[in-house]
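A look at the structure
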Amino acid sequence: MSSKVLITIDYQKCTTPFACKKCIEVCPGEVFLVTPNPMMIKKYQPIDENQPGSYLLLAPMTPKCVGCMKCMEICPNDALKVEIQHPEPEITT
Ligand code: SF4
Ligand code: SF4
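Residues numbered from 1 in each chain as written. Chains lettered and ligands numbered in written order. Predicted model: local features only at pLDDT ≥ 70, side-chain atom pairs only at ≥ 80, totals over all residues.

**What to know about the overall build of the chain**
- Tallying secondary structure elements over the chain gives 3 helices and 4 strands in all.
- In the chain, the order of α-helices and β-strands from amino to carboxyl end is β-α-α-β-β-α-β.
- Dimensions of the chain, computed from the C-alpha atoms along their principal axes, are close to 65 × 25 × 20 Å.
- Out of the 93 residues belonging to the chain, those deemed buried represent 15%.
- Sequence-distant contacts in the chain: of pairs separated by 6 or more residues, those separated by 24 or more amount to 69%. (Helix = DSSP H or I, 4+ residues; strand = E, 2+ residues; numbered from the N terminus. Buried ≥ 20, exposed ≤ 12 C-beta atoms within 10 Å, placed from the backbone. Contact = placed C-beta atoms within 7 Å.)

**As for the site of ligand 2**
- By nearness alone, every residue bordering ligand 2 is listed as Cys-14, Pro-17, Cys-20, Lys-21, Lys-22, Cys-23, Leu-57, Ile-74, Cys-75, Asn-77, Ala-79 and Leu-80.
- Counting only elements with at least two residues in the shell around ligand 2, the list comes to helix 1 (17–20) and helix 2 (22–26).
- When the residues that make up the shell around ligand 2 are grouped by side-chain class, the tally is 9 nonpolar, 1 polar and 2 charged. (Near = placed C-beta within 6 Å. Nonpolar A, V, L, I, M, F, W, Y, C, P; charged D, E, K, R; others polar.)

**Comments concerning the site of ligand 1**
- The local shell around ligand 1 holds 14 residues, among which Cys-27, Gly-29, Cys-65, Cys-68 and Cys-71 are the closest.
- Here the residues of the shell around ligand 1 are counted per class, giving 11 nonpolar, 2 polar and 1 charged.

**Topic: the nonpolar core**
- Membership of the largest hydrophobic core is limited to 10 residues, which are Cys-14, Cys-23, Val-31, Phe-32, Leu-57, Ala-59, Cys-65, Cys-71, Ala-79 and Leu-80.
- With residues near it in sequence (within four places) discarded, Leu-57 still touches Ile-9, Cys-14, Pro-17, Phe-32 and Val-34. (Core = buried A, V, L, I, M, F, W, Y, C linked by C-beta atoms within 7 Å.)

**Topic: the pairing of strand 3 (residues 55–58)**
- Along strand 3, the buried face is formed by Tyr-55 and Leu-57; none of Leu-56 and Leu-58, which line the opposite face, is buried.
- Of the pairings in the sheet, the one linking strand 2 (residues 33–36) to strand 3 comprises 4 bridges and is antiparallel in character. Looking across to strand 3, one finds that Leu-33 is bridged to Leu-58. (Pairing = 2+ DSSP bridges.)

**As for unusual backbone geometry**
- You will see that Glu-30, though not glycine, has its phi angle at about 50°, which is positive.
- Looking at where Glu-30 falls in the secondary structure, it is placed in the loop between helix 2 and strand 2.
- Glu-30 sits in the exposed class, given 11 other C-beta atoms within 10 Å.
- For Tyr-44, which is not glycine, the phi dihedral falls at a positive 60°.
- On the basis of neighbour count, Tyr-44 is assigned to the exposed category, with 4 C-beta atoms found within 10 Å.

Pasting the structure below:
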């Protein structure tokens, strides 16, 4: 059984991910993605990357995370938490 990774993004701290992208640039696993926030899209209006909440950071490729913790180290807002969950050891009798 392999380890499982859990990535938590604090959206109160990561407010302008399109303008930042530091975690994306540093991640060797290409885990992250930035997408426009559907709640903020207004028809025929350009999206301002500097407006808080206009974009959302997602981690759709979490299974590709290698656990290097570079994203946590580089994030200027302390918005990321990466947890490696190791499986319970099997008990044999
Ligand atoms: S711990 Fe490393 S591989 Fe995992 S998401 Fe962060 S930068 Fe990417
Ligand atoms: S480095 Fe931090 S603030 Fe920048 S996009 Fe990633 S999670 Fe958001």
